[in-house]
Amino acid sequence: MQPLAGALGLAVPAAAAGTPSLGSAAPGSQGVLIGDRFITLENCLLPDDKLRFTLSMSSGLRVVGCELIQAAGILLRLPQVAVATGQVLSQRFFYTKSFVKHSMEHVSMACVHLASKREEAPRRIRDVINVFHRLRHLREKKQPVPLLLDQDHVNLKNQIIKAERRVLKGLGVCVHVQHPHKIIVMCLQVLECERNQHLVQTAWVASEGK
């Protein structure tokens, strides 16, 4: 079950998984040195104690952020894999960060922009800002109006760039995402449950962190 758990992005204790604990990776393995810790794809999973309680767990804004990224991805005509990547990056970031110190909307915009580049479907920051501006008006049930290219727009653009840097720093520049959707389909086929629409939809939504 360990390979499947790792593919799904679940936390697996280092002793059970047979992988070195964080910071004890062999110097010859492929990875990146962050401070005094050597990060690889094998040891970058969050430990169980980090998943049990997070700074953003009680707010419910992680769900809102994922829905916002999904809506923005549709308007930006992003591939679904890029949208899912943006949602995963947002979830990973807010596992250890609080919504009090970091704007959910700014981080969501940064994750969309970062994910679009990660999945080779880049979108301009200006387009990302315009889409989120429209979505904000729709949420507030206001008539959408064009966003002026004034100093406020420039300031917002700089905030998104800084938010993207904070996300990269918070993730240790590890933006590798292996989506579980293909594995979900295979598991459902093995269990002969691929026709169970409720189960399929529940598994699909859960895999995107919603």
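Residues numbered from 1 in each chain as written. Predicted model: local features only at pLDDT ≥ 70, side-chain atom pairs only at ≥ 80, totals over all residues. Heavy atoms only, no water.

Remarks on the packing of helix 4 (residues 61-75) against helix 6 (residues 104-118)
For step 1, the next point in the chain: Helix 6 packs onto helix 4 with a crossing angle of 45° between their chain directions and a minimal axis gap of 10 Å. By the angle between their axes, helix 4 is oblique relative to helix 6. The handedness of the crossing between helix 4 and helix 6 is right-handed. Across the interface between the two elements, Leu 61, Val 64, Gly 65, Leu 68 and Ile 69 from helix 4 touch Met 104, Glu 105, Ser 108, Cys 111 and Val 112 from helix 6.
For step 2, the next point in the chain: Among the residues making up the contact of helix 4 with helix 6, the classes are represented as seven nonpolar, two polar and one charged. (Axes fitted to C-alpha atoms, helices over the stretch in contact; angles between N-to-C directions. Helix = DSSP H or I, 4+ residues; strand = E, 2+ residues; numbered from the N terminus. Parallel < 35°, antiparallel > 145°, perpendicular 65-115°, else oblique. Left-handed = near helix turned anticlockwise from the far one by under 90°. Contact = heavy atoms within 4.5 Å. Nonpolar A, V, L, I, M, F, W, Y, C, P; charged D, E, K, R; others polar.)

Here's the deal with the side chain of His 153
For step 1, the next point in the chain: Structurally, His 153 can be placed in helix 8 (residues 151-170).
For step 2, the next point in the chain: A relative accessible area of 8% places His 153 in the buried class. (Buried < 20%, exposed > 50% of the residue type's maximum accessible area, 1.4 Å probe, protein only.)

Concerning helix 4
For step 1, the next point in the chain: Taking 1.5 Å as the rise per residue, helix 4 with 15 residues should run 21 Å; its terminal C-alpha atoms sit 21 Å apart, in good agreement.
For step 2, the next point in the chain: Those residues of helix 4 that sit buried are Arg 62, Gly 65, Cys 66, Leu 68, Ile 69, Gln 70, Ala 72 and Gly 73.
For step 3, the next point in the chain: Next to the buried residues of helix 4 lie helix 5 (80-96), helix 6 and helix 7 (125-139).
For step 4, the next point in the chain: Immediately downstream of helix 4, the backbone of Arg 77 shows phi near 55°, a positive value. (Expected span 1.5 Å × (residues − 1).)

A few points about the side chain of Glu 164
For step 1, the next point in the chain: Turning to its location among the elements, Glu 164 is positioned in helix 8.
For step 2, the next point in the chain: Excluding anything up to four places from it in sequence, Glu 164 contacts Ala 110, His 113, Leu 114 and Lys 117.

Description of empty space enclosed by the protein
For step 1, the next point in the chain: For the coordinates displayed, the defined rule picks out one cavity of 30 Å³ or more.
For step 2, the next point in the chain: There is about 30 Å³ of room inside the largest cavity.
For step 3, the next point in the chain: Together, Leu 61, Arg 62, Gly 65, Ser 90, Gln 91, Phe 94 and Met 104 line the largest cavity.
For step 4, the next point in the chain: At the level of secondary structure, the elements contributing two or more residues to the lining of the largest cavity comprise helix 4 and helix 5.
For step 5, the next point in the chain: Partitioned by chemical class, the residues of the lining of the largest cavity number three nonpolar, three polar and one charged. (1 Å grid on protein atoms, 1.4 Å probe; cavity = no way out; pocket = protein on both sides within 12 Å on 5 of 7 lines; lining within 4 Å. Points joined across faces, edges and corners; volume = space filled by probe spheres on them.)

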